[in-house]
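# Tertiary structure, described
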Amino acid sequence: MRNNKITCILFVCLGNICRSAAANGVMEDFVTKAGLSDKILIDSAGTYGGHAGDLPDMRMRIAAARRGYNLTHRARKVREDDFYDFDMIIVMDDSNYENVARLAPERKYLDKVYRFVEFSKNHPEWSYVPDPYYEGHEGFELVLDLLEDGCQELLNQLK
């Protein structure tokens, strides 16, 4: 880890009840198992605030639990202060990117915004993390596959 600094990462999707909430849980698990909980802080948020305070979607919690992840994060809306508080803001798709970019207090803060697929090594066919909300079981499993891949690579880069 660089300079004994705490790296703060915010995952962002639309409602913060599927993709970013799951990324939060997966990354926290990976960070804990790597013994880096004191070096990497994880949070997540949504560009839409209608689910604020809610647990992740039950279908995502069930799919994640089958893989050993306990998703307990409560949804919140992304805010301008997140640009000051986080080193990396990682979005799930281009719409999230555009919505987050509009919140940036200055253009220089856009250097903190990344697309999640930039960290994906094993799924080059995906240019975004698809929203599983209107999909069946397979959609949630696909999202978890993408998140595990990208979170592992992100952790490797941070080590």
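Further up the page is the structure itself.
Residues numbered from 1 in each chain as written. Predicted model: local features only at pLDDT ≥ 70, side-chain atom pairs only at ≥ 80, totals over all residues. Heavy atoms only, no water.

Now for the sheet that holds strand 1 (residues 7-13). A sheet is described by the order of its strands in space; here four strands give the open sequence 2-1-3-4, paired in parallel fashion. Two strands in the sheet have a free side with no partner beyond their single neighbour: strand 2 (40-46) and strand 4 (113-115). Strand-to-strand twist of the sheet, defined as the mean angle between neighbouring strand axes without regard to direction, takes the value 25 degrees. Bridge count for strand 1 against strand 2 is seven bridges, and the pairing is parallel. Its bridge partner lying in strand 2, I9 is registered against I42. Across the sheet, helix 5 (residues 137-158) touches strand 1, strand 2 and strand 3 (88-91), and the angle it forms with strand 1 is around 160 degrees. (Pairing = 2+ DSSP bridges. Helix = DSSP H or I, 4+ residues; strand = E, 2+ residues; numbered from the N terminus. Axes fitted to C-alpha atoms, helices over the stretch in contact; angles between N-to-C directions. Contact = heavy atoms within 4.5 Å.)

Our next topic: the environment of N24. By secondary structure assignment, the location of N24 is in helix 1 (residues 19-33). A sequence separation of 48 residues divides N24 from T72, and the C-alpha atoms of the two residues are 9.5 Å apart. Once residues within four sequence positions are removed from consideration, N24 is found in contact with F11, I42, D43, S44 and H73.

A few words on the pattern of salt bridges. Going through the model one piece at a time under the given rule, you end up with twelve salt bridges. Salt-bridge contacts for D29 lead to K33; the nearest nitrogen and oxygen are separated by 3.1 Å. Placement of the pair is D29 and K33 together in helix 1, with a separation of four residues, close to one helical turn. Taking the relative accessible area as the measure of exposure, D29 reaches 19% and is therefore buried. Accessibility expressed as a relative area gives 67% for K33, which makes it exposed. (Salt bridge = Lys/Arg side-chain N within 4 Å of Asp/Glu carboxyl O. Buried < 20%, exposed > 50% of the residue type's maximum accessible area, 1.4 Å probe, protein only.)

For any two helices packed against each other, one specifies the inter-axial angle together with the distance between the axes. Where helix 2 (residues 58-66) contacts helix 5, the two axes come as close as 10 Å, and the packing angle between them is 55 degrees. Taken together, the axes of helix 2 and helix 5 lie oblique to each other. Between helix 2 and helix 5 lies a crossing whose hand is right-handed. Between helix 2, through R59, M60, A63, A64 and R66, and helix 5, the contact on the second element is made entirely by H137, F140, E141, V143 and L144. (Parallel < 35°, antiparallel > 145°, perpendicular 65-115°, else oblique. Left-handed = near helix turned anticlockwise from the far one by under 90°.)

You can see N16 is positioned in the loop between strand 1 and helix 1. There is a polar contact of 2.8 Å between the side chain of N16 and the side chain of S20. Leave out the neighbours within four places in its chain, and N16 touches A21, S44, A45, G46, H73, R74, A75 and R76. (Polar contact = N/O pair within 3.5 Å; in protein donor to acceptor, adjacent residues only side chain to side chain.)

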